[in-house]
Amino acid sequence: MLRFKDVSVVYEDGEEPALDSLSLSVEKGEFVCVLGRSGAGKSTFIRTINGLQPLTAGNVNVLGYDVRLLAEKKLRALRSEVGMIFQHFHLIPRMSVRQNVYTGRFGQKPPWKNFLGIYTAEERKLADYYMEEVGLLPYAERRVERLSGGQKQRVGIARAMVQDPSILLGDEPVASLDPTTSDHIFQLLRQLHEERNLTTVINVHDVGLAKKYASRIIGLKNGRLVYDGSPIDMSEND
Ligand code: ADP
Ligand code: ADP
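The rules behind these values
- Residues numbered from 1 in each chain as written.
- Chains lettered and ligands numbered in written order.
- Predicted model: local features only at pLDDT ≥ 70, side-chain atom pairs only at ≥ 80, totals over all residues.
- Heavy atoms only, no water.
- Helix = DSSP H or I, 4+ residues; strand = E, 2+ residues; numbered from the N terminus.
- Rg over C-alpha atoms; globule rule 2.2 N^0.38 Å.
- Buried < 20%, exposed > 50% of the residue type's maximum accessible area, 1.4 Å probe, protein only.
- Contact = heavy atoms within 4.5 Å.
- Lys, Arg positive; Asp, Glu negative; His and termini not counted.
- Charge placed at Lys NZ, Arg CZ, Asp CG, Glu CD.
- Near = heavy atom within 4 Å.
- Polar contact = N/O pair within 3.5 Å; in protein donor to acceptor, adjacent residues only side chain to side chain.
- Areas by Shrake-Rupley, 256 points an atom, 1.4 Å probe, with all protein chains shown as cover.
- Nonpolar A, V, L, I, M, F, W, Y, C, P; charged D, E, K, R; others polar.
- Expected span 1.5 Å × (residues − 1).
- Salt bridge = Lys/Arg side-chain N within 4 Å of Asp/Glu carboxyl O.

Within an unreviewed UniProt entry, the label attached to the protein reads Phosphonate transport system ATP-binding protein, and the organism entered is Alkalicoccus daliensis.

**Notes on the overall build of the protein**
Along its length, the protein carries 8 helices and 10 strands. A compact globule built from 238 residues would reach a C-alpha radius of gyration of about 18 Å, and the protein, at 18 Å, matches this within 12%. Here the C-alpha coordinates of the protein stretch approximately 50 × 40 × 35 Å along the principal axes. Every one of the 238 residues in the protein was classed for burial, and the buried ones make up 50%. Once local pairs closer than 6 in sequence are excluded, the contacts in the protein between residues at least 24 apart make up 69%. The distance from the centre of the 31 positive side-chain charges to the centre of the 30 negative ones in the protein is 6 Å.

**What to know about the site of ligand 2**
As a matter of local geometry, ligand 2 sits amid Arg47, Gln87 and His88. Arg47 places a polar side-chain atom, nitrogen or oxygen, 3.2 Å from an oxygen atom of ligand 2. The contact in question runs from an oxygen atom of ligand 2 to an N or O atom on the side chain of His88, over 3.1 Å. In isolation ligand 2 exposes 560 Å². Once the protein is present, 25% of that is buried.

**Examining the site of ligand 1**
Around ligand 1, the neighbouring residues are Tyr11, Asp13, Ala18, Arg37, Ser38, Gly39, Ala40, Gly41, Lys42, Ser43 and Thr44. With respect to ligand 1, the backbone of Ser43 contributes an N or O atom lying 2.7 Å from an oxygen atom. When the residues that make up the shell around ligand 1 are grouped by side-chain class, the tally is 3 nonpolar, 5 polar and 3 charged.

**Digging into unusual backbone geometry**
One non-glycine residue, Asp6, adopts positive backbone phi at about 45 degrees. Along the chain, Asp6 turns up in strand β1 (residues 2–9). Located in the positive-phi region is Ser21, a residue other than glycine, with phi close to 50 degrees. As for its placement among the helices and strands, Ser21 is situated in strand β2 (residues 19–26).

**Description of helix α7 (residues 179–196)**
Under the 1.5 Å per step criterion, the end-to-end length of α7 is 26 Å for 18 residues, consistent within 8% with the ideal 26 Å. Buried within α7 we find Ser182, Asp183, Ile185, Phe186, Leu188, Leu189, Leu192 and His193. Between a side-chain oxygen at the N-terminus of α7 and the backbone nitrogen of Thr180 the separation is 3.1 Å; the capping residue is Asp178. The positive-phi residue at the C-terminal boundary of α7 is Asn197, with phi of around 55 degrees.

**Notes on the pattern of salt bridges**
Enumeration according to the criterion identifies 13 salt bridges in this entry. For Asp6, the salt bridge identified is with Lys5, shortest N-O distance 3.4 Å. Using a relative accessible area of 48% as the deciding quantity, one classes Lys5 as partly exposed. The residue Arg190 makes a salt bridge to Glu194 at a minimum N-O spacing of 2.8 Å. Of this pair, Arg190 and Glu194 both sit in helix α7, 4 residues apart, roughly one helical turn.

As structure tokens, then:
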């Protein structure tokens, strides 16, 4: 599903590598939490997976694609199979929940079509299905800036899911949410994962959440792998 081989990323102005000879694989159906302090390389790790982040060395293979060698067109094909959720949600302001969810799958439509809400019955059904799943169908026509943080992230999740992704990635999706809301978001992510055997890889800095929900924890420190295993085997010192 996902294979990192000796992957290093050094930023132009960076002194230490953000990722340092990282090698690991993720198989289909895993629910991985990536743990580490701020600056450990978690965000860089996630961004290499959908080709957002150029590599300094090594290679990353995602769903059989060698990310490093992909031309723009293939990169788009890869990204359509990789759903992504973000710390700050990246929703489109002044648009409704429904319109934001549509952009996940139908982002290629001319913006005016999205704006006017020109969608087929099938597209509407799919968006409804995922808005229902994340609990936001009653708010479908509400503008996203009127939602709470947790609701905004639910929109982000529905938008990622309408793509029908093979992998769901999260870059600190709960870092700006309170603990109870964070737990609810993780419950939802776990549910989506279990219903579809969806491969899920999520950055989190809260050890408690990772231990509660992950089937596997990857620990990063200074861009290096310092832990890789089950949450149960992880000691306080890891
Ligand atoms: P994390 O997500 O664990 O906080 P990051 O992947 O964001 O870690 O960062 C890893 C290291 O790379 C940090 O030292 C950070 O300051 C540095 N870094 C991240 N992005 C950039 C960038 N665009 N340019 C230069 N340095 C960066
Ligand atoms: P967010 O809160 O949205 O996750 P971050 O504060 O982690 O944002 O980073 C914002 C942007 O700044 C990212 O694109 C990241 O790559 C970049 N960045 C992070 N650390 C550095 C750094 N040391 N030098 C330059 N850019 C950085």
